[in-house]
Amino acid sequence: MTERTCIRGDTLRFTVGNGGSTTGWTPRLELRRHPADATPLGSLEAGDGITANGSDWDIELSESVTRSLAEPGRPSLVYYQLRAAQAAPGDVKTLETGVIRIGRDTTRMGDLFIDAAGVGLGDQGEF
């Protein structure tokens with residue numbers, strides 16, 4: 001399972017290969033609080049955060065999406081599955097399954113990070 005990280009309210013961008021040309025394929029990224037959840041929290045489709053780039057899909061979760069997916073005041077996990085389908089019935093492939101760790105909002109001042117839990121310095125961690 002692939003793991004990606006971002007801060008709540010930041011844009012998350014990543015690229016996933018289609019295993020060949022993207023022509024004729026329709027992507028769909030489904031987001032869930034838990035992998036076994038039957039109903040997704042939401043989804044992205046081509047032109048709505050997913051664009052074709054040769055043999056890859058460029059995914060962009062906007063600031064408003066990462067903000068809405070995060071649980072206020074604490075780090076959140078959101079599971080995702082990127083699938084692509086062709087016009088032929090049943091021709092669907094799963095390209096990537098993973099988890100997005102969404103961290104708390106922070107205020108950045110140089111190398112000083114301030115958040116509701118305390119203060120941290122650069123990559124030194126919080127104290």
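Please refer to the structure placed before this passage.
On a predicted model such as this, the values are computed, not experimentally measured, just so you know.

Caption draft 1: Representation of the sheet that holds strand β8 (residues 92-103) within the structure. Pairing is mixed across the open sheet formed by five strands, whose spatial order is β1-β8-β7-β3-β4. Each edge of the sheet is formed by a strand with only one pairing partner; in this case those strands are β1 (2-7) and β4 (42-45). Strand after strand, the sheet turns through a mean of 25 degrees between neighbouring axes, direction not considered.

Caption draft 2: Structural view of the environment of Y79. Of note, Y79 is situated in strand β7 (residues 76-86). Filtering out sequence-adjacent residues up to four positions away, Y79 remains in contact with M1, E30, L31, R32, R33, H34, P35, G98 and V99.

Caption draft 3: Region of interest: the nonpolar core. Within the largest apolar cluster, 20 residues are counted, with the highest numbers of intra-cluster contacts made by L29 and I100. Elements with a minimum of two residues in this core: β2 (12-17), β3 (25-32), β6 (56-61), β7 and β8. The dominant element in this core, judged by the number of residues it contributes, is β7, at four residues. With sequence-adjacent residues up to four places away left out, L29 is seen in contact with G42, S43, L44, I50, I59, L61, Y80, Q81 and L82.

What counts and how
Residues numbered from 1 in each chain as written. Predicted model: local features only at pLDDT ≥ 70, side-chain atom pairs only at ≥ 80, totals over all residues. Heavy atoms only, no water. Pairing = 2+ DSSP bridges. Helix = DSSP H or I, 4+ residues; strand = E, 2+ residues; numbered from the N terminus. Axes fitted to C-alpha atoms, helices over the stretch in contact; angles between N-to-C directions. Contact = heavy atoms within 4.5 Å. Core = buried A, V, L, I, M, F, W, Y, C linked by side-chain atoms within 4.5 Å. Buried < 20%, exposed > 50% of the residue type's maximum accessible area, 1.4 Å probe, protein only.

The analysis is restricted to geometry; functional conclusions fall outside its scope.
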